[in-house]
Structure formats: structure tokens, C-alpha cells
Protein chains: 2
Amino acid sequence: MKKYCFGIDVGGTTVKCGLFTADGDVIDKWEIVTRTEENGKNILPDVAQTILAKLEEKKIQKDEVVGVGIGIPGPVNENGEVPCAVNLHWGYTNVAGDLSALTGFSVKAGNDANVAALGELWKGGGAGYRDMIMVTLGTGVGGGIIINEKIIAGSHGAGGEIGHAHVEDNMTEPCNCGSCGCLEQFTSATGIARLAREELANTDEPSALRGQEITAKAVFDAVKEGDAVAERVAVRFGEYLGKALSVFSIVVDPQIIVIGGGVSKAGPILFDYIMGPFQRYAFAACKETKFALATLGNDAGIFGAAKMVL
Amino acid sequence: MKKYCFGIDVGGTTVKCGLFTADGDVIDKWEIVTRTEENGKNILPDVAQTILAKLEEKKIQKDEVVGVGIGIPGPVNENGEVPCAVNLHWGYTNVAGDLSALTGFSVKAGNDANVAALGELWKGGGAGYRDMIMVTLGTGVGGGIIINEKIIAGSHGAGGEIGHAHVEDNMTEPCNCGSCGCLEQFTSATGIARLAREELANTDEPSALRGQEITAKAVFDAVKEGDAVAERVAVRFGEYLGKALSVFSIVVDPQIIVIGGGVSKAGPILFDYIMGPFQRYAFAACKETKFALATLGNDAGIFGAAKMVL
């Protein structure tokens, strides 16, 4: 009876690692440094080594391990191959094949945002559901689409890259992706700060946001204090996000939409601004779609990676 | 060895029926009338009767039949149940269960637009692909999302109802669904005719469209003749559709987008107007998504229904 699995989440700075039971209980979690030098050639060997060392430490036999799931910051195809991963300094890498050869275990690989979404479905904000859209509001906007508990990876590895949905024709400043008018430009932490600078520049109204560093956190803190300028920023944020989520929902019709990332730390107040526009624009049958906040934070990736092999 | 299957496509007026080999060759196709009187209570018994009669006619034994697939004009859940189907005058109907009881065969049921999409993937414009978005430009705009050769039915039966994606804030006339600004209002046959009436009203320019009935066909016929007003209509149509398809693509990242329905009879000229906006707004990795026209016409439903049980 195989009882254990590993969930690995490779980031540009650290690799997060988790040893799980097959029921999803965390036995141990730890981090190692991501060695990106020499085109990141040490990354997978380092992962293999830490996995094998952990087995020894925990006195677990290899035949008790179901396998290893691993999330990568880049596109990953259905065979677990990565054409390139800029943050890891990788060109083409057969992640699943190489890590399997290094460890002797069955390996599944996925894009890190998609894998984190799967983690939230399994043990986080989407627990108990099967079909989910996750949107991650961080420095950028990422996402993941989970249907019937499986990641929609996409035929070019771009499934769930919803931060780059075009939502605004009147935007001349380019997004990091090169296009203009992406959802990310208005609803990421960076985007919210830009909306706030715009609102402040357009008015002489007093606001708690003046004279401090403008961040998404500062905006939602000010909203909670009743600041009128911050409130207008939140309304614009919610209009962009709620409307976009209504469009994504008519494509895959999820049971639940889970909001994660740093911006989601503002808490349930986000829904006060997202739900109105969502309800206004959503197709009738989708208006009852549930919303929840992500709960796993930075651990979502290791949970989702583990779930991939179970 | 089971060698045959049935594909059934229930419409408000007729039921289209197909007898197929397991390889997807059509042995026979025919239609029966859809008897919607008495809350449509005869529809499934009529379908069962025509299936059993066809077996007798073709001297096929029941144990040679894999099963029956059936498309229904309404939402269908994963158990093959229909909460209601307005055009059939049905309330709750357990389509898969009832038709299975009536025929003795395994039955799979799906929404008609989704089932037609599956047919196009199997034997039509999407043949050879696995992941597809189909958009059907008819009186309304329907669609279907197929991932890994499976229909995304959606948790409220609304998967692929992309005609009701919100695409225009400056629309005050309501869509059939009750919302304002749906994709259907600009890219259906009806929507294209409305765009044409608007363009004609806004100018005194001569146009072949003046003095005739304004239809989508008339618009694209005039485009082919170089009519400047019709050309502007086509540009607006393509801008709405190409942009919307770029957003749908970032959600599920298909290999191919297939365009069907009456409007698609205009032919490849449609792509001249759709591809530019699609390329402009699509995420980099999705720009190489293929486009094709549907090829099965009204037979897509029986093909897709048959495919569901294979």
C-alpha cells in the first residue's frame, strides 16, 4: 500500500517541498535554495537529492511512495516537458522524465499557477468542489482552471493565463506581456496602485492615500476607513474583475471562483466590489456561482503538486 | 464485438437520427417529427421506437450496439438529466435514464450545441484536434468547449454558452437572455443585420444593402462586392468576435477555433475580419491557434451524439 507522496513547488528563489500522506496530511515541509546558475542545471538534481534525503530521515521505503508532483514557473505540456522557464534560466527541459530518472518515482509536472489552483481545490478555498476558476492577484494576475478536479493546461501551456485577457481598449501603456489593456494592468497589486495614482491625480479631494506609498494594501486599508478616493479605486478594480470573471464563467461554468494572491489578504471586502459587477454581467445560470478566498497561501503549490500524483 | 451506435439530435421541430459504425461511418440517417404536445411526453418514446425499428430494418442485433447518444436543446447535467427544455415543453426529464429504460441501451445525453461541437471535433472542421472552441453563429450565438475530446458541460449546464459573454458596455437594448451587451447581439445573423441597419442610418453613402432585406448573408455578399458600408459592418463584427475569442482562448487555450452556424456559410472571408482582432488581443502563446469553418452543417449533432457513447 503506497502511503506517501511529495509535492514540490519550484520558484525563482526557493523550492518549496512537502511530504504528504495520500490523504493530504502534511508530514513535513521545508525549502531549499533554487540554484539558477549554469542554466539551472542543478535544480532538478537538488530536488531529487532532498526527496531521497527526506525518505531516509523519515525511514520511508521507496515502494511506499506514490510519486512526485512538481510545479514549474513556466508553460508545461501534458508530457511534463517545459519549452522554457525564464526565471529558472531553463531552455527545453523534460521535467517529468528527468526527475523520474533521478528519483525512480513517477513524476507529474504542471505550471505553478495551475498547480496552486489544484491545491486550493483540494485542501483550500475550493475544497469540496470539482470545477473552479482560481484567480491570483499578486504582482501580476495569474490563474488556473480546474474542471472535474483536473487542470486545464491548454494546448500552448496557456490555460488559465487569465491575467492577460483583454479588458480595456483605452489603455496605451503596455502590459509585461506586450499587449495593452490586460486584466492584470487593472487588478494586480501593481494595477490597483496605478488606478489609485490616477484617481489621486484627477482630484484635489483629501485622501488617506496622499503622502504615503501607494500600494494595493494601502488602498484597501483606506477603503475600510471610508476613504472616498480609495473607494472609487475599489469600484474600478471590482468592475474590471467582476466583468472579466463573468466572461470566463460563461466559457467553463465553474462551481466556484477562488481569489488568491497578496491582494486577497484584504479579505472579504473584495467581494463587496467584485460581486455586483459579476452578478450584473453573468449569464443567468452562472449568477449563483460561489466565491471564496484562497486559504493555503504559499503552500497551495505543494498541495496541488502532491494532488497531481494521487 | 459491438459495432454500431446511434446519434440523436432533438430539435423543436424534428429529431435528427443517425446510425453509425463505431468508426464514425454513417450507415443511415433520417428524421422524425418532434411531438411537443402534452409536455413533450412522446418525444423519448418516439426516439426509442425509431431506434428499435431501425435495428429491425437493418437486421442488427441489440448486442451489437454500443449505445445511444442524444443532444437536447437545453441544459443537461453530467448524469444526463435535463432540468427543463423550453422548446420541447419539458420540465425535469431524466433523458439518459428514461431512454435507457425504453431501449435497453446505454445512453449519454448532452446539450445540443455542445454535442454539435463534439461532432465537429470528431468528423468536421476540428477533426484531428483534441481541444477546441466552437462558436455557432446562427439566429443566436451558441458554442461548445471541447477539452481532451470531452465536452465542458459546466456546473450549471452553461459551459460554452459564449454568445452571452458581455462584450459591450454601451448597449441599452436587451439580449434574449435579459442582459445588455452580449456577444450574440453583435455577431449572430440578427446582430450583424442590426449593425448593418445602424451603419446605413449613419450615412448617406450609396450601398448595395439599401432597398433590400438586410440579412447577414446580404451583408457578406455585399462585402465580397467591395461595398464600403458592408465592409464597415464586417469590421465591427470581426472586432467583437475576434476580441471575444481571444479572451475565451486565454481561459482554455484550445488548439483550434471552429466557426459554424448559418453565418459561416459566408466562407473564409469571415477570417479576414476575425483574425486581425484575434491576433491583436490574444496572449502571445495563443496567437498560433488554428481557425477553421465547420463542415458538418446540420449533421454535427448526430455525429457528436454518436461520439459521446464511443
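Residues numbered from 1 in each chain as written. Chains lettered and ligands numbered in written order. Predicted model: local features only at pLDDT ≥ 70, side-chain atom pairs only at ≥ 80, totals over all residues.

1. Side note on the packing of helix H6 (residues 189–201) of chain A against helix H8 (residues 228–252) of chain A
Packed helices, taken two at a time, are described by their axes: the angle between them and the distance between them.
Residue and element names in this part refer to chain A.
Move 1: For the pair H6 and H8, the least separation of the axes is 9 Å and the interaxial angle reads 130°. Judged on the interaxial angle alone, H8 and H6 are oblique. For the crossing formed where H6 meets H8, the hand is right-handed. Residues Ile192, Leu195, Ala196, Glu199 and Leu200 of H6 pack against Val229, Arg232, Val233, Arg236 and Phe237 of H8.
Move 2: Classifying every residue of the contact of H6 with H8 by side-chain character gives seven nonpolar, no polar and three charged. (Axes fitted to C-alpha atoms, helices over the stretch in contact; angles between N-to-C directions. Helix = DSSP H or I, 4+ residues; strand = E, 2+ residues; numbered from the N terminus. Parallel < 35°, antiparallel > 145°, perpendicular 65-115°, else oblique. Left-handed = near helix turned anticlockwise from the far one by under 90°. Contact = placed C-beta atoms within 7 Å. Nonpolar A, V, L, I, M, F, W, Y, C, P; charged D, E, K, R; others polar.)

2. Some thoughts on the environment of glycine 260 of chain A
All names here are of chain A.
Move 1: Its place among the elements puts glycine 260 in strand E11 (residues 256–260).
Move 2: Classification of glycine 260 by C-beta neighbours within 10 Å gives buried; the count is 30.
Move 3: With 35 residues separating them along the chain, glycine 260 and threonine 295 place their C-alpha atoms 7.8 Å apart.
Move 4: Non-local contacts of glycine 260, meaning those with residues more than four positions away in its chain, are made with Glu120, Met134, Thr136, Ala294 and Ala300. (Buried ≥ 20, exposed ≤ 12 C-beta atoms within 10 Å, placed from the backbone.)

3. Points about the sheet that holds strand E12 (residues 290–293) of chain B
Residues and elements named next belong to chain B.
Move 1: Within the open sheet, the five strands sit side by side as E10-E9-E8-E11-E12. Their pairing is mixed. The open sheet has two edge strands, strand E10 (150–151) and E12, and neither has a second partner.
Move 2: Two strands pair when backbone bridges link them, and strand E8 (residues 132–137) and strand E9 (residues 141–147) are joined in this way by six bridges, in the antiparallel orientation. What sits directly across from valine 135, in E9, is glycine 143. (Pairing = 2+ DSSP bridges.)

4. Brief notes about the sheet that holds strand E3 (residues 26–33) of chain B
All names here are of chain B.
Move 1: In spatial order, the strands read E3-E2-E1-E4-E7; together these five strands make up an open sheet with mixed pairing. Edge positions in the sheet fall to E3 and strand E7 (107–111), since each has one partner strand and no second. Put simply, the sheet's adjacent strands are angled 15° from each other on average, direction ignored.
Move 2: In terms of strand pairing, strand E2 (residues 14–21) meets E3 through seven bridges, oriented antiparallel. What sits directly across from lysine 16, in E3, is glutamate 31.

5. Quick word on the relation of the copies chain B and chain A
The relation between the two chain copies is a rotation about an axis coupled with a shift along that axis.
Move 1: Take chain B, turn it by 180°, move it 0.0 Å along the axis, and it overlays chain A with an RMSD of 0.0 Å. Such a combination of rotation and displacement between the chain copies is what one expects of a two-fold axis. No C-alpha of chain B approaches the rotation axis more nearly than that of phenylalanine 248 of chain B, which lies at 3.4 Å.
Move 2: Comparing interface residues between copies, 100% of those in chain B also sit at the interface in chain A, which points to an isologous, same-surface contact. (Least-squares fit on C-alpha atoms with pLDDT ≥ 70 in both.)

6. Some points on unusual backbone geometry
Residues and elements named next belong to chain A.
Move 1: Even without a glycine there, the phi angle at histidine 89 is positive, about 65°.
Move 2: If you trace the backbone, histidine 89 turns up in the loop between strand E5 (81–82) and strand E6 (93–94).
Move 3: Owing to 17 C-beta atoms within 10 Å, histidine 89 belongs among the partly exposed residues under this scheme.

7. Notes on the nonpolar core
Move 1: Counting residues in hydrophobic clusters, the biggest one holds 208 residues, and the most contacted among them are Ile8, Ile70 and Val219 of chain A together with Ile8, Ile70 and Val219 of chain B.
Move 2: The residues contacting valine 219 of chain A, other than those within four sequence positions of it, are Ile192, Ala196, Leu209, Ala230, Val233 and Ala234 of chain A. (Core = buried A, V, L, I, M, F, W, Y, C linked by C-beta atoms within 7 Å.)

8. A closer look at the interface of chain B and chain A
Move 1: The interface is formed by 34 residues belonging to chain B together with 35 residues belonging to chain A.
Move 2: Only E9 and helix H8 (228–252) of chain B provide two or more residues apiece to the side of chain B that touches chain A.
Move 3: A per-element tally of the side of chain B that touches chain A places H8 of chain B first, with seven residues.
Move 4: Its residues assigned to classes, the side of chain B that touches chain A shows 19 nonpolar, 11 polar and four charged.

9. With respect to the environment of methionine 308 of chain B
All names here are of chain B.
Move 1: Residue placement: methionine 308 occurs in helix H10 (residues 300–308).
Move 2: Take methionine 308: there are 25 C-beta atoms within 10 Å of it, and that puts it in the buried class.
Move 3: The sequence separation of methionine 308 and valine 115 amounts to 193 residues, and the corresponding C-alpha distance is 7.9 Å.
Move 4: Those residues in contact with methionine 308 that lie beyond four places of it in its chain are Gly69, Lys108, Gly110, Val115 and Leu118.

10. A few points about the pairing of E7 of chain B
All names here are of chain B.
Move 1: Among the five residues that make up E7, five are buried, leaving the element largely enclosed by the rest of the structure.
Move 2: Pairing between strand E4 (residues 65–72) and E7: five bridges, direction parallel. Note on E7: the bridge partner recorded for isoleucine 70 is alanine 109.

11. Digging into the domain arrangement of chain A
All names here are of chain A.
Move 1: Partitioning chain A into domains gives domain 1 (4–119 + 299–308) and domain 2 (130–294).
Move 2: Put simply, the middle of domain 1 and the middle of domain 2, counted by C-alpha atoms, are 29 Å apart.
Move 3: At the junction of the two partners, domain 1 supplies 12 residues and domain 2 supplies 16 residues.
Move 4: Broken down by secondary-structure element, the contributors of at least two residues to the side of domain 1 that touches domain 2 are strand E7 (107–111) and helix H4 (112–123).
Move 5: The residue inventory of the side of domain 1 that touches domain 2, partitioned by class, reads seven nonpolar, four polar and one charged. (Domains from an automatic or database assignment.)

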